[in-house]
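Examining the three-dimensional arrangement
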Amino acid sequence: MGSKRIGLARTQALLENLKRDLALGAGTQLSGAMKKVKSVSSATTLTEADSGKIIDLSGANYVVKLPKDPTAGCEYTFINTAAIGAGGTINIDAKDGEEYFKGTVFDLEGTVDDANVSFNGSSHDQLKFAASTAALENMVHVMFIGANTWLIYHSWSLDASDISAGTSSSNA
């Protein structure tokens, strides 16, 4: 073999451009990994490149459109670290009339009750955050699982009236 050396920058570029899966064995630990946060305060369309990110919502009266016909496994976590403005709801819109939310946002306000918000998977193509929602009161995780379904799971609200299902997506 030769004694040819390559620099750190070249080695880094080669590693970053690998397009492969990394199979970790049993007992492997991954330390220091953190999810990226995307702050959203006005109308936006998410892409599959945003998949896995925490989407921090602020402001009021706008629509966040999910990607149309995404790859199964595409996922987002929606939170609001600041209060949502009184000017109107923030809508998370799936592909209008073709992709739907299915699952439950659990009510953590006080005791366990029947105030959970359910999404039926057949007509609910909007997930709505209410106007004037207090900071740090909601976390909604959605994943596209195929079959035109955005699955809602591991999701909660400290006030169930902050979250609602809608049927009027503008994501045509």
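Because the structure is a prediction, the values reported are computed rather than measured. (Residues numbered from 1 in each chain as written. Predicted model: local features only at pLDDT ≥ 70, side-chain atom pairs only at ≥ 80, totals over all residues. Heavy atoms only, no water.)

1. So, the overall build of the protein chain
As a reminder of what qualifies: Here a strand is any run of E in DSSP of at least two residues, a helix any run of H or I of at least four, and the numbering for each starts at the N terminus. Working definition: with a 1.4 Å probe on protein chains only, accessible area under 20% of the residue-type maximum means buried, over 50% means exposed, and in between means partly exposed. Here a residue-residue contact requires only that any non-hydrogen atoms of the pair lie within 4.5 Å. Method for areas: the Shrake-Rupley scheme with a 1.4 Å probe, in which residue coverage is limited to the protein chains shown. For the charge count, each Lys or Arg is scored as positive and each Asp or Glu as negative, with His and the chain ends excluded. Taken as the charge location is NZ of Lys, CZ of Arg, CG of Asp or CD of Glu.
Scanning the protein chain for helices and strands turns up 1 helix and 12 strands. When the elements of the protein chain are put in sequence order from the N terminus, they spell out α-β-β-β-β-β-β-β-β-β-β-β-β. Referenced to the eigenvectors of the C-alpha coordinate spread, the extents of the protein chain come out at roughly 70 × 35 × 35 Å. Per-residue burial for the protein chain yields a buried fraction of 34% across its 172 residues. Long-range pairs, those at least 24 residues apart, make up 65% of the contacts in the protein chain with a sequence separation of at least 6. For the protein chain, the computed accessible surface area is about 10,000 Å², with 54% contributed by carbon and sulfur atoms. A distance of 18 Å separates the average location of the 14 positive side-chain charges in the protein chain from that of its 19 negative side-chain charges.

2. As for the sheet that holds strand β1 (residues 37–40)
What holds strands together in a sheet is hydrogen bonding between their backbones, with the strands either parallel or antiparallel. As a reminder, the rule being used: Any two strands with at least two DSSP bridges between them are considered paired. Each axis is a line fitted through C-alpha atoms, and for a helix only the stretch in contact is used; angles between axes span 0 to 180 degrees, taken between their N-to-C directions.
Pairing is mixed across the open sheet formed by 7 strands, whose spatial order is β1-β3-β5-β10-β11-β7-β8. At either margin of the open sheet sits one strand with a lone partner, and together these are β1 and β8 (117–120). The sheet shows a mean angle of 20° between the axes of neighbouring strands, direction not considered. Pairing of strand β7 (residues 100–107) with β8, which is carried by 4 bridges, proceeds in the antiparallel orientation. When the sheet's bridge partners are listed, Lys102 is paired in β8 with Asn120.

3. Describing a nonpolar patch on the surface
Under the convention used in this document: For patch detection, residues must exceed 30% relative accessible area and be free of salt bridges, and they are connected within 9 Å for like charges or within 5 Å for nonpolar side chains (Val, Leu, Ile, Met, Phe, Trp, Tyr). Definition used for salt bridges: Asp or Glu carboxyl oxygen within 4 Å of a side-chain nitrogen of Lys or Arg.
Together, Phe106, Leu108 and Leu158 make up a nonpolar patch on the protein surface, roughly 260 Å² of accessible area in all. Under the relative-accessibility criterion, Leu108 is labelled partly exposed at 45%.

4. Topic: the nonpolar core
Quick reminder of the rule: In this text, buried Ala, Val, Leu, Ile, Met, Phe, Trp, Tyr and Cys residues form a nonpolar core when linked through side-chain atoms within 4.5 Å.
Counting residues in hydrophobic clusters, the biggest one holds 27 residues, and the most contacted among them are Leu57, Phe78, Phe101 and Phe129. Broken down by element, this core gets its largest block of residues, 3 residues, from strand β10 (residues 138–144). Excluding residues that lie within four positions of it along the chain, Phe78 makes contacts with Leu46, Ile55, Leu57, Val64, Leu66, Ile92, Phe129, Asn138, Met139, Val140 and Val142.

5. Here's the deal with the side chain of Asn171
To keep it simple, the criterion reads: Each polar contact in these results corresponds to two N or O atoms within 3.5 Å; when the atoms are within protein, one needs to be able to donate a hydrogen and the other to accept it, and residues that are neighboring in sequence are counted only if both atoms are side-chain atoms.
Inspection of the secondary structure puts Asn171 in the segment after β12 (163–166). When its relative accessible area of 3% is taken as the criterion, Asn171 is described as buried. A polar side-chain atom of Asn171 sits 2.8 Å from the main-chain carbonyl oxygen of Leu66.

6. Regarding the packing of aromatic side chains
Inclusion rule: Between the rings of Phe, Tyr and Trp (Trp by its six-membered ring), a pair exists once the centres lie within 6.5 Å; its type follows the angle of the planes, with under 30 degrees stacked, over 60 edge-to-face, and the other angles tilted.
Evaluation of the coordinates by the stated rule reveals 4 aromatic pairs. Centroid distance Tyr76 to Phe78: 6.3 Å. Interplanar angle 40°. Geometry classified as tilted. Of the two residues examined, Tyr76 and Phe78, each falls in the buried class. Plain terms: the ring middles of Phe101 and Phe119 are 6.2 Å apart, the flat faces sit at 70° to each other, and that makes the pair edge-to-face. In this pair, Phe101 sits in strand β7 while Phe119 sits in strand β8, placing the two residues 18 residues apart along the sequence. Judged by its relative accessible area of 0%, Phe101 falls in the buried class.

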